[in-house]
Amino acid sequence: MTISSFKPPRRTLMGPGPSDVSQRVSEAMARPTIGHLDPYFIGMMDEIKSLLQYAFQTENELTFAVSAPGSAGMECCFANLVEPGDTVIVCQNGVFGSRMKENVERFGGLAIMVQDDWGRAVDESKLEAALKANPEAVLVAFVHAETSTGVQSDAEKLVRLAHDHNCLTIVDAVTSLAGTPIYVDEWGIDAIYSGSQKCLSAPPGLSPVSFNDRAAEKIKQRKTRVKSWFLDLNLIMGYWGDNAKRTYHHTAPVNSLYALHEALVMVQEEGLENCWIRHENNHLRLKEGLSSLGITFIVDEQHRLPQLNAVTIPEGVSDSLVRGQLLNQFNLEIGAGLGHLAGKVWRIGLMGHASNAKNVDYCINALASVLKKAA
Ligand SMILES: *Cc1c(COP(=O)(O)O)cnc(C)c1O
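Computed from a predicted structure; not experimentally measured. (Residues numbered from 1 in each chain as written. Predicted model: local features only at pLDDT ≥ 70, side-chain atom pairs only at ≥ 80, totals over all residues. Heavy atoms only, no water.)

**Student:** Explain helix α3 (residues 70-81) here, please?
**Tutor:** Each α-helix winds once per 3.6 residues, and so residues spaced three or four apart point in a common direction. Here α3 is 12 residues long and its end C-alpha atoms lie 17 Å apart, about the 16 Å a rise of 1.5 Å per residue gives. Judged by how many residues are buried, α3 sits mostly within the fold: 10 of 12 residues are covered. For α3, the complete set of buried residues consists of Gly70, Ala72, Gly73, Met74, Cys76, Cys77, Phe78, Ala79, Asn80 and Leu81. (Helix = DSSP H or I, 4+ residues; strand = E, 2+ residues; numbered from the N terminus. Expected span 1.5 Å × (residues − 1). Buried < 20%, exposed > 50% of the residue type's maximum accessible area, 1.4 Å probe, protein only.)

**Student:** Explanation requested: the site of the ligand in the structure shown.
**Tutor:** Around the ligand sit Pro69, Gly70, Ser71, Phe96, Val143, Ala145, Thr147, Asp172, Val174, Thr175, Gln197 and Lys198, and that is every residue in its neighbourhood. At a separation of 3.0 Å, an oxygen atom of the ligand approaches a polar side-chain atom of Thr175. Against a free-state accessible area of 380 Å², the protein chains account for coverage of 88% of the ligand. The residue makeup of the shell around the ligand, split by class, is five nonpolar, five polar and two charged. (Near = heavy atom within 4 Å. Polar contact = N/O pair within 3.5 Å; in protein donor to acceptor, adjacent residues only side chain to side chain. Areas by Shrake-Rupley, 256 points an atom, 1.4 Å probe, with all protein chains shown as cover. Nonpolar A, V, L, I, M, F, W, Y, C, P; charged D, E, K, R; others polar.)

**Student:** Explain the sheet that holds strand β1 (residues 12-14) to me, please; I cannot follow it from the model alone.
**Tutor:** Read from one edge to the other, the open sheet built from four strands follows the order β1-β12-β13-β11, with strand pairing classed as mixed. On the outer flanks of this sheet lie β1 and β11 (308-312), each paired with one strand and no other. For this sheet, the mean inter-axis angle between neighbouring strands, taken without regard to orientation, is 30 degrees. As paired strands, β1 and strand β12 (residues 332-336) are joined by three bridges and run parallel to one another. Looking at β12, one finds that Leu13 is bridged to Glu333. Across the sheet, helix α12 (residues 319-330) touches β12 and β13 (345-349), and the angle it forms with β12 is around 155 degrees. (Pairing = 2+ DSSP bridges. Axes fitted to C-alpha atoms, helices over the stretch in contact; angles between N-to-C directions. Contact = heavy atoms within 4.5 Å.)

**Student:** In this structure, what is going on with helix α10 (residues 254-270)? I would like to understand it.
**Tutor:** Helix length check: α10, at 17 residues, gives a terminal C-alpha distance of 25 Å against a target of 24 Å (1.5 Å per residue), a fit within 8%. Extensive coverage of α10 is indicated by the burial of 12 of its 17 residues. Burial in α10 covers these residues: Val254, Asn255, Leu257, Tyr258, Ala259, Leu260, His261, Glu262, Ala263, Leu264, Val265 and Val267. Trailing α10 by a residue or two, Gly271 shows a phi angle of about 95 degrees, which is positive.

**Student:** For this particular structure, what's the right way to read the nonpolar core?
**Tutor:** The nonpolar side chains of soluble globular proteins are, as a tendency, buried together. Among the nonpolar cores identified, the biggest contains 96 residues, and Phe78, Ile89, Ile170, Phe211, Trp240, Leu257 and Leu260 are the most heavily contacted of them. Among the elements that take part in this core, α10 stands out by supplying nine residues, more than any other. Counting contributing residues per domain, this core is built from domain 1 (12-17 + 272-374) and domain 2 (23-268), each supplying no fewer than three. Excluding residues that lie within four positions of it along the chain, Leu257 makes contacts with Phe41, Met44, Ile48, Ala65, Leu206, Trp240 and Ala252. Within the second largest apolar cluster, 22 residues are counted, among which are Met14, Val311, Leu326 and Val360. (Core = buried A, V, L, I, M, F, W, Y, C linked by side-chain atoms within 4.5 Å. Domains from an automatic or database assignment.)

**Student:** What is the right way to read the side chain of Asn359 from this model?
**Tutor:** Take Asn359: it is sitting in helix α13 (residues 357-374). Sequence-distant contacts of Asn359, defined by excluding residues within four places in its chain, comprise Thr12, Met14, Asp20 and Ala354.

**Student:** What am I meant to see in the packing of aromatic side chains here?
**Tutor:** Any two aromatic rings considered together are summarised by their centre-to-centre distance and by the angle between their planes. Under the definition given, this model contains four aromatic pairs. Pairing Phe330 with Tyr362 gives two aromatic rings, centres 6.3 Å apart and planes at 70 degrees, and the pair type is edge-to-face. Taken together, the residues span a long stretch of sequence, with Phe330 in helix α12 and Tyr362 in helix α13 at a distance of 32 residues. Assessed through its relative accessible area of 34%, Tyr362 is described here as partly exposed. Here the aromatic cluster, defined as three or more aromatic residues joined through ring pairs, consists of Tyr183, Trp187 and Trp276. (Phe/Tyr/Trp six-rings, centres within 6.5 Å; stacked < 30°, edge-to-face > 60°.)

In structure tokens, the structure reads:
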């Protein structure tokens, strides 16, 4: 049997990521592959660094893209900042907090969990109590935008509390970057990671990260070697750092980085604040459309994420039937619920390039049509 070229269908991606990739970004990705130590490529990597500094609102030198998806950015933060025996406070209010716990434990730390119900923001008073009860803690980790539930926590307040108790912070901003305000320097976030395929709308497979001087200092002061060779920042910085002595570490995903570069140029052209406002406006438009269908959100209004709308599946409606029809008849992908929310909620993403009025209206009309038939 001869297998022929793969031709994927053209979907509208309104789930939890990946989001729609624009023509401009796709075209950038198709440009000629050059060597990863070619001076042109190195120049482009320096531009990515400064574009990422803008997106994260930071002047951190240690800002770059890990050559792997958001989960690798997470692992990079924990691998470098957790040493065996460290106590780490992990706030969990959805799926992604449990992965942070896994990371802490795999790198030899002790995870103290601060639990909040799924669909609720991280409760600052619970974090404060945990910090007081565990004065030996050295790190606090939390998810800024919980994609599993559509909740946004108050990163600025959580970071301030951690610092008041001499802890550094690791923040998951995979879904928040470019979708909702983040000010890495102003808020004092010590280590942060994101993903290319959510509100940046580049293809999946890259994880922007940034570390401030305090985090870099903790890494330099480690008593033990970082357990992961690939993610050891001491080695990676020889590659992404000072370009005069760039040394081979691994082969960068050249064309994926072209795509990330173009996506970041588009954010710069639009302006970061305008980008946040666009996400908010399209969320409000979606909210209006959903309410005309009698569909309600699972999250309190003040903690809703504009880029990820978690809504209750109406009584008696089959989750898989509706999502199947949206995909097959409308080429429209929306997300299913995760964990105990599976079958109970839909997660409608309005991320990056997919966050536009046309998509909102398309989704509402498609949902209306499918639900009418299902009734
Ligand atoms: C998507 C996501 C991740 C994981 O990113 P991958 O690119 O899938 O590895 C981590 N945290 C949050 C909050 C996410 O939404």
